[in-house]
Amino acid sequence: MDLDVARLLKRPGHEAVLHNQRLTIEGSGISAIAPCEAVARDLLAIPALINAHDHGRGLKTLAFGCCDGPLELWLLGLGSEPRVDPYLRAAVSFARMALGGIAAANHCHNPQNREAMLIEAEAISQATRDVGIRIAFAVPVFDRNPIVYGPTAPIEAALGAEAFSRLVERNQRAPSDVQLDLVQACESFDHELFSVQYGPVGPQWCENGTLEKIAQASADKGRRIHMHLFETERQRQWADHTYPGGLVRFLDEIGFLSPRLTVAHGVWLRPDECELLAERGATVSLNMSSNLRLRSGIPSASRFKKAGLNWAMGMDGMAFDDDEDALRELRMIWHIQQSTSIHQNLSPAEVFDGGMVNGRHTIIPGDDGGVLEPGRPADILVLKRSEMVPDCLEEAADDAHLILTRAAKSHIDRLIVAGRPIVANGQNVDFDLEQAEMELLDQARHGWPAKQTEIDEIHRLRTVIEDYYGSYAHLSG
């Protein structure tokens, strides 16, 4: 397959644009790039975008009444999600990501039914193949603090014994060994676009012994680990209280930190912790929109940069406009991460690397993509440049800055992943998103009445949890 474009940015921000280029694609890779005759359409080819942290929910959280707000309160609202077909739930999310320019994502799985993890994993593996984007599947492991970070006596006192008992029952998890066995079982669903990872949900949600087992299993098998870390101030406070010697230092002591580790968020990481993560070769996913919407704070890419810590763009299922527009997410990083200084915190090259290059190895085993060159993976995003420059004087608009200033998902002409066209003319090529969305919404409406009793309890619990963290009760005991 040949792809002719009027403009080509092999490494956006690093190299000048090339005019009238033909990319020859064989199998899943680029076999050649060479000049061609003048291309009539003003198309611009760039490396496809990467989503280093997401949750793959087909229903937007607002759709089931889970409104933006502080993470610890927002998490309660996730319990309102009606149960739907796990295949549709994932496939709709992946198809929307593709329409937003995303070629690969780390799917940090939130199960609908913890008793049916293998069924859900197999469905997601199939959805990956059908939609055509690359997915790393982080199998969740959770065996600590299921209700709050810390002692639950204040919660029981506020709710009463009966309501508290129901809450505990809803949050019951299998023993950690059973959960870890599920990770191994899910490995049977691996294929060329899908790979399994260990997904300890976060240090506040995993016992020390469980984290040690995961660290050892990762080292033995070479499988990656994907974990939330220091997303909120409450998590920072809990960690400082629980690990006086330092949580990140503890993780290092048990062999948890390595080049196989991705940590999501890192909003409240301190400089010395960034340096240690960098020394161990870990990667942090920077989730700008999510951290704004969930009141977590603004992660510091300049701090990561100063420490030499690899960072990558993540969307966390919480794009600012609920639209999976990865080009807009890139722009938010570009603007919000700058300072008031005359000197910029991040260069365009660093922003593009964060959105196109740095996250690839965290998702795709043995990957060397993110650059459009012969011998590299054919993950290519083609933009309708002419629609971005109608008011620009000839050649006045630098293409890299044009993307960072104006590009949006509406400008996508096509997306190619592993040599396969999966988006063209604003539509998914091999997946009927409109039909899938209709089916998903119909299932959600059918399952919604069954959630009403639980929703009433969630509303009551919200006030109790807000008071709990507001009084720092989680630091006692």
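Cut-offs applied
- Residues numbered from 1 in each chain as written.
- Predicted model: local features only at pLDDT ≥ 70, side-chain atom pairs only at ≥ 80, totals over all residues.
- Heavy atoms only, no water.
- Pairing = 2+ DSSP bridges.
- Helix = DSSP H or I, 4+ residues; strand = E, 2+ residues; numbered from the N terminus.
- Axes fitted to C-alpha atoms, helices over the stretch in contact; angles between N-to-C directions.
- Left-handed = near helix turned anticlockwise from the far one by under 90°.
- Contact = heavy atoms within 4.5 Å.
- Buried < 20%, exposed > 50% of the residue type's maximum accessible area, 1.4 Å probe, protein only.
- Polar contact = N/O pair within 3.5 Å; in protein donor to acceptor, adjacent residues only side chain to side chain.
- Expected span 1.5 Å × (residues − 1).
- Nonpolar A, V, L, I, M, F, W, Y, C, P; charged D, E, K, R; others polar.
- Phe/Tyr/Trp six-rings, centres within 6.5 Å; stacked < 30°, edge-to-face > 60°.
- Lys NZ or Arg CZ within 6 Å of the ring centre and 35° of its normal.

## Section: the sheet that holds strand S15 (residues 420-424)
Sheet strands associate in pairs through backbone hydrogen bonding, adopting either a parallel or an antiparallel arrangement.
Then comes step 1: The mixed open sheet is built from eight strands, whose spatial order is S3-S2-S1-S4-S13-S14-S15-S16. Pairing within the sheet leaves two strands with one partner each, and these edge strands are strand S3 (29-35) and strand S16 (427-428).
Then comes step 2: With two bridges connecting them, strand S1 (residues 2-8) and strand S4 (residues 43-47) associate as parallel partners. Within the sheet, the bridge partner assigned to Leu-8 lies in S4 and is Ala-45.

## Considering the packing of helix H14 (residues 348-356) against helix H15 (residues 399-406)
Then comes step 1: In contact at an axis separation of 11 Å, H14 and H15 are set at 65 degrees when each is read in the N-to-C sense. Considering the relative orientation of H14 and H15, their crossing is left-handed. Contact residues: H14 offers Pro-348, Val-351 and Phe-352, while H15 offers Ala-400, His-401, Ile-403 and Leu-404.

## Quick word on the side chain of Gln-235
Then comes step 1: Here Gln-235 is to be found in helix H8 (residues 233-242).
Then comes step 2: Residue Gln-235 is classed as buried on the basis of its relative accessible area of 2%.
Then comes step 3: One polar contact links Gln-235 to Tyr-149, side chain to side chain, over a distance of 3.0 Å.
Then comes step 4: Contacts of Gln-235, omitting those with residues within four sequence positions, involve Leu-71, Glu-72, Tyr-149, Gln-204, Trp-205 and Phe-230.

## What about helix H3 (residues 117-131)?
Then comes step 1: Here H3 is 15 residues long and its end C-alpha atoms lie 21 Å apart, about the 21 Å a rise of 1.5 Å per residue gives.
Then comes step 2: When H3 is considered as a whole, its buried residues turn out to be Met-117, Glu-120, Ala-121, Ala-123, Ile-124, Ser-125, Ala-127, Thr-128 and Val-131.
Then comes step 3: Buried-residue contacts for H3 involve helix H2 (86-99), strand S6 (102-108), strand S7 (134-141), helix H6 (176-186), strand S8 (194-200) and S15.
Then comes step 4: Backbone geometry just downstream of H3 places Gly-132 in the positive-phi region, at approximately 105 degrees.

## Observations regarding the packing of H2 against H3
Then comes step 1: The interhelical angle for the contact between H2 and H3, taken along N-to-C directions, is 35 degrees, at an axis separation of 8 Å. Helix-helix and strand crossings are classified by hand; for H2 and H3 the assignment is right-handed. Contact residues: H2 offers Pro-86, Tyr-87, Ala-90, Ala-91, Phe-94 and Ala-95, while H3 offers Glu-120, Ala-123, Ile-124, Gln-126, Ala-127, Thr-128, Asp-130 and Val-131.
Then comes step 2: Residue composition of the contact of H2 with H3, by class: ten nonpolar, two polar and two charged.

## Let's talk about the packing of aromatic side chains
Then comes step 1: Evaluated as defined, the whole model comprises seven aromatic pairs.
Then comes step 2: Ring geometry for Phe-142 against Trp-205: centres 5.9 Å apart, planes inclined by 25 degrees, an arrangement best described as stacked. Separated by 63 residues along the polypeptide, Phe-142 in the loop between S7 and helix H4 (153-159) and Trp-205 in the loop between S8 and helix H7 (208-221) bring together distant segments of the chain.
Then comes step 3: Here the guanidinium or amino end of Arg-236 rests over the ring plane of Phe-230, the centre of that ring lying 4.0 Å away.

## Quick look at the pairing of S4
Then comes step 1: Of all five residues in S4, five are buried; the element is thus mostly enclosed.
Then comes step 2: Two strands pair when backbone bridges link them, and S4 and strand S13 (residues 380-384) are joined in this way by five bridges, in the antiparallel orientation. Residue pairing in the sheet places Ile-46 in a bridge with Leu-381 of S13.

Scope: geometric values only; no functional claims are made or implied.
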